[in-house]
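# Examining the three-dimensional arrangement
Single-letter residue listing:
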Amino acid sequence: QGHLVDSGGGLVQPGGSRRLSCVADTIFFRVATMAWYRQPPGKERELVASISRQGEPTIADSVKGRFTLSRDNAQNRGYLHMNNVKPEDTAVYYCTLKGTLSRRPDYWGQGTQVTVSS
């Protein structure tokens, strides 16, 4: 059974940058849409960004212009590049994989905490 490991979280100063990583141990990664969700403290989980297997990104308005995505299908890896972070970006970030016919993510990472604070 495949699973994901997301990592790269930590303490970041406002205006700083951070790169989150997602590693899959299944080749399902290569045909799936990779997405990043986040759950701020005391709030519901929300979709941040996704990237299709062909590399087409979709970015939420709240992070557009600051966050980008990339993926390496040969290595079964993906990344969320966070730039000019703000305190409201503080959250647990989750990497997910979703198949074409799935309505919801098929796999979830364990989550990585990002805290934006000076």
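How each quantity is defined
Residues numbered from 1 in each chain as written. Predicted model: local features only at pLDDT ≥ 70, side-chain atom pairs only at ≥ 80, totals over all residues. Heavy atoms only, no water. Buried < 20%, exposed > 50% of the residue type's maximum accessible area, 1.4 Å probe, protein only. Helix = DSSP H or I, 4+ residues; strand = E, 2+ residues; numbered from the N terminus. Pairing = 2+ DSSP bridges. Disulfide = S-S within 2.5 Å.

Once that is clear, we can look at the pairing of strand 7 (residues 67-72). For a regular strand, side chains alternate in direction, first toward one face of the sheet and then toward the other. Only one face of strand 7 is covered, namely the one carrying Phe67, Leu69 and Arg71; the face carrying Thr68, Ser70 and Asp72 has none of its residues buried. As paired elements, strand 7 and strand 8 (residues 77-82) share six bridges and run antiparallel to each other. Along strand 8, the bridge assignment pairs Thr68 with His81. Linking two consecutive strands that pair antiparallel, namely strand 7 and strand 8, is a turn of four residues; a positive phi of about 55° is found at Asn76 within it.

Another point: the pairing of strand 11 (residues 112-116). What you see with strand 11 is a clean split: Thr112, Val114 and Val116 sit on the buried side and Gln113 and Thr115 on the side with no burial. Summarising the sheet, strand 2 (residues 10-12) and strand 11 pair through three bridges and their orientation is parallel. Opposite Gly10, over in strand 11, you have Val114 as the bridge partner.

Moving on, we get to the state of the cysteines. In total, this model carries one disulfide according to the counting rule given. In this model Cys22 forms its disulfide with Cys95; the gap between the sulfur atoms is 1.9 Å. In this structure the cystine formed by Cys22 and Cys95 twists about its S-S bond by roughly -70°; its chirality is therefore left-handed. Linking Cys22 in strand 3 (residues 18-24) with Cys95 in strand 9 (residues 91-98), this pair joins segments that are 73 residues apart in sequence.

This is a description of form; function is not addressed.
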